[in-house]
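# Architecture and fold: a report
Chain residues, written in single-letter form:
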Amino acid sequence: MPHTQAFAAAGIAALGVAWLIAVQMVLTFRTSDEFGLVMGAITADLAIGFAILAFVVSKLGSERVMTLSVLGVALATLMFSGWPVWMDAVEARSSNPYPSSHRDAQIVLEFLAPCLAGLVVLWRLLVRAYRKALGQDARTLWPWFTIGAGLVLVFNPLGIEVVGSAIAPSATDWLASLWRFVAVVAAAVLVVLAVIEFALRARRLRLPVQAEV
């Protein structure tokens, strides 16, 4: 079983990533009025995920069950993000007299995106700690550096605006075609980097753990 420090580190890292993404979305959407409510819900969601994964690791000791558990929590998070009662509660906190035409999507995304990112971080760190505790190889094929770069690229005010304009441009957004082109090129570059990183990780996994630099 992983040490207590591993659990604490995973929980803090997951919450930190979720909070950073949530702050960026609040700054972009200008929805500071509802920030407290949304962050409380995000924290509760990650706390539930943490408790479930901690129970699985300590009592069941199965990596497969860990993966299935986090997928279950992610599905429940997805369903909650569009729950009318939740969306009405968030909307009631807003004092913006000129809400976005994509207001419903904003409410869903400002809760869903941080939660899912936090759950992925939580799952990966606990899986890594679990493998280390068993003396197994903790390395993975997942292109985590590229995933991290993608999160940084997207979840900032400029990135969110560009992606939003590319996916759902407003009638007055004359630069929508340009932003769509930029988004497609950036996505293509990330895919290429992910493939390269995947190949490098696959090559390293064929080497003994002791040979890892």
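So, a few notes on the structure that sits alongside this text. (Residues numbered from 1 in each chain as written. Predicted model: local features only at pLDDT ≥ 70, side-chain atom pairs only at ≥ 80, totals over all residues. Heavy atoms only, no water.)

### Considerations on the pattern of salt bridges
Counted according to the given criterion, the structure contains four salt bridges. Close ionic contact of R103 with E91 constitutes a salt bridge, the shortest N to O distance being 2.7 Å. Of this pair, R103 sits in helix 5 (residues 103–133) while E91 sits in helix 4 (residues 84–93), and the two are 12 residues apart along the sequence. Look at R103 and you get buried, because its relative accessible area is 9%. Overall, E91 belongs to the partly exposed group, its relative accessible area being 32%. Here the salt bridges do not stand alone but share partners, grouping E34, E91 and R103 into one network. (Salt bridge = Lys/Arg side-chain N within 4 Å of Asp/Glu carboxyl O. Helix = DSSP H or I, 4+ residues; strand = E, 2+ residues; numbered from the N terminus. Buried < 20%, exposed > 50% of the residue type's maximum accessible area, 1.4 Å probe, protein only.)

### Side note on the side chain of S69
Mapped onto the elements of the fold, S69 is located in helix 3 (residues 63–81). Residues in contact with S69, not counting those within four places in the same chain, are I52, L53 and V56. (Contact = heavy atoms within 4.5 Å.)

### Here we look at the packing of helix 2 (residues 35–60) against helix 4
At their nearest, the axes of helix 2 and helix 4 sit 9 Å apart, and the two run at 145 degrees to each other. For the pair helix 2 and helix 4, the contacting residues are L37, V38 and A41 in the first and W86, A89, V90 and R93 in the second. Here the residues of the contact of helix 2 with helix 4 are counted per class, giving six nonpolar, no polar and one charged. (Axes fitted to C-alpha atoms, helices over the stretch in contact; angles between N-to-C directions. Nonpolar A, V, L, I, M, F, W, Y, C, P; charged D, E, K, R; others polar.)

### Quick word on unusual backbone geometry
Of note in this structure, R30 is not a glycine but carries a positive phi near 55 degrees. Along the chain, the position of R30 falls in the loop between helix 1 (4–29) and helix 2. Relative accessible area serves as the criterion here: at 65%, R30 is assigned to the exposed category.

### Remarks on helix 7 (residues 157–167)
One turn of the α-helix equals 3.6 residues, which is why residues spaced by three or four share an orientation. For helix 7, the set of buried residues is G159, I160, V162, S165 and A166. Turning to helix 7, the residues buried within the fold contact helix 1, helix 6 (144–154) and helix 8 (176–205). The N-cap of helix 7, judged by a side-chain oxygen 3.1 Å from the amide nitrogen of L158 a few residues on, is N156. (Polar contact = N/O pair within 3.5 Å; in protein donor to acceptor, adjacent residues only side chain to side chain.)

All quantities given are derived from atomic positions and should not be read as evidence of function.
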